[in-house]
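Analysis of the macromolecular model
So you can see what is in the structure, the chains are spelled out below.
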Amino acid sequence: MSVDYSVVIPAYNEADYLPQTLRFLQQAMQTTALKGELIVVDNNSTDRTAAIARQHGARVVFEPINQISRARNAGARAAAGRYILFLDADTQISAQLLQSALASLQGGQCCAGGVTVAADMPLSPLAQKTLDCWNRASTGLGLAAGCFLFCLRAAFEDCGGFSEKVYASEEIWLSRRLAAWGRARGMRFRIITEYPITTSMRKLRWYSQTRLLIASLIILLCPLVLRSRALCGLWYRRPDG
């Protein structure tokens, strides 16, 4: 059966968050006339991630190498839709956001985009200011947050997908390539601000603000650390193992 769009969710040991994410997504998908498919990429999980995805009607793709960009690319290769949307496993999408993203791609003037981000819990003043700064930078510079990125399949393929040379921030590099692809064709990269997406701030529960700030500064000062999985431990190691 042909589909219009594919939603790709990379997931590594996401048994706790995935059920809620899938419920929100499926409710949103029921509000659009376009035909969609749901793909969960099991990135070598050791919990019930794959089983939960199947129970919720998702097609499960297995990616044995634990790397976010590889998982996203594996899902994109399996996708059948002419539009591809990437959603994180700890993120709640609304019907309004899904409709807005699809309408943007359908209109022919937008090649890709992202959305501003809202936290799933109250934040400290510093954390809230940091999130606000990201949303302003995202909107002003045209950079999609990793929790949600949407694009034309043709643009994604022409840009080579997510870089597998890095272990984090792959959505930043792809955003730039997609924007350049669009400019060459008179199309824009759109950050949706009307319907912020709610995503987990679990790293703030796991790690101190000081540790997160130091890690961010290291990446800003030396982006080459993104090529090392060991140095990107905030994305791959969890306090519970």
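Our structure's up above, just so we're on the same page.
Now for a description of the structure that goes with this document.

About the cut-offs
Residues numbered from 1 in each chain as written. Predicted model: local features only at pLDDT ≥ 70, side-chain atom pairs only at ≥ 80, totals over all residues. Heavy atoms only, no water. Helix = DSSP H or I, 4+ residues; strand = E, 2+ residues; numbered from the N terminus. Rg over C-alpha atoms; globule rule 2.2 N^0.38 Å. Buried < 20%, exposed > 50% of the residue type's maximum accessible area, 1.4 Å probe, protein only. Contact = heavy atoms within 4.5 Å. Areas by Shrake-Rupley, 256 points an atom, 1.4 Å probe, with all protein chains shown as cover. Pairing = 2+ DSSP bridges. Axes fitted to C-alpha atoms, helices over the stretch in contact; angles between N-to-C directions. Right-handed = clockwise from strand over helix to strand, strands pointing away. Polar contact = N/O pair within 3.5 Å; in protein donor to acceptor, adjacent residues only side chain to side chain.

Quick look at the overall build of the chain
Looking only at helices and strands, the chain has 10 helices and eight strands in total. Computed over the C-alpha atoms, the radius of gyration of the chain is 17 Å, within 12% of the 18 Å expected from 2.2 N^0.38 for a compact globule of 241 residues. With 241 residues in all, the chain has 54% of them scored as buried. Within the chain, contacts between residues at least 6 apart in sequence are counted, and of these 76% link residues at least 24 apart. For the chain, the accessible surface area stands at approximately 11,400 Å², while carbon and sulfur atoms represent 54% of it.

Some points on the sheet that holds strand S1 (residues 5–11)
One key point about sheets: their strands pair by backbone hydrogen bonds, in either a parallel or an antiparallel sense. Taken together, the eight strands give an open sheet; going across it, the order is S3-S2-S1-S4-S7-S6-S8-S5, and neighbouring strands pair in mixed fashion. Every interior strand has two partners, whereas the edge strands, strand S3 (59–62) and strand S5 (91–92), have only one. The sheet contact formed by strand S6 (residues 110–119) and strand S8 (residues 188–199) spans eight bridges and is parallel. If you follow valine 117 over to S8, its bridge partner there is isoleucine 197. Sheet contacts for helix H7 (residues 170–183): S6, strand S7 (148–152) and S8; angle to S7, the most-contacted strand, approximately 30°.

Some details on unusual backbone geometry
In most cases, non-glycine residues show a negative phi, while peptide bonds are predominantly trans. Notably, asparagine 13 is not glycine yet its phi reads approximately 50°, a positive angle. Here asparagine 13 is to be found in the loop between S1 and helix H1 (18–29). One non-glycine residue with positive phi stands out, namely serine 169, at about 65°. Turning to its location among the elements, serine 169 is positioned in the loop between helix H6 (153–158) and H7. We classify serine 169 as buried; its relative accessible area is 18%.

Examining the pairing of strand S2 (residues 36–42)
Every other side chain in a regular strand lies on the same face of the sheet, so the side chains alternate between the two faces. Of all seven residues in S2, six are buried; the element is thus mostly enclosed. What joins S1 to S2 is H1, and the crossover it makes is right-handed. By the bridge criterion, four bridges tie S2 to S3 in an arrangement that is parallel. Of the residues in S3, the one forming a bridge with valine 40 is valine 60.

Description of helix H3 (residues 68–78)
Of all 11 residues in H3, eight are buried; the element is thus mostly enclosed. Every buried residue of H3 is listed here: Ile68, Ser69, Ala71, Arg72, Asn73, Ala74, Gly75 and Ala76.

So, the environment of glutamine 99
Relative to the assigned elements, glutamine 99 resides in helix H4 (residues 95–106). Given the relative accessible area of 35%, glutamine 99 is considered partly exposed. The spacing of glutamine 99 and tyrosine 83 is 16 residues in sequence and 12 Å in space, taken between C-alpha atoms. Only 2.8 Å separates the side chain of glutamine 99 from the side chain of threonine 31, close enough to count as a polar contact.

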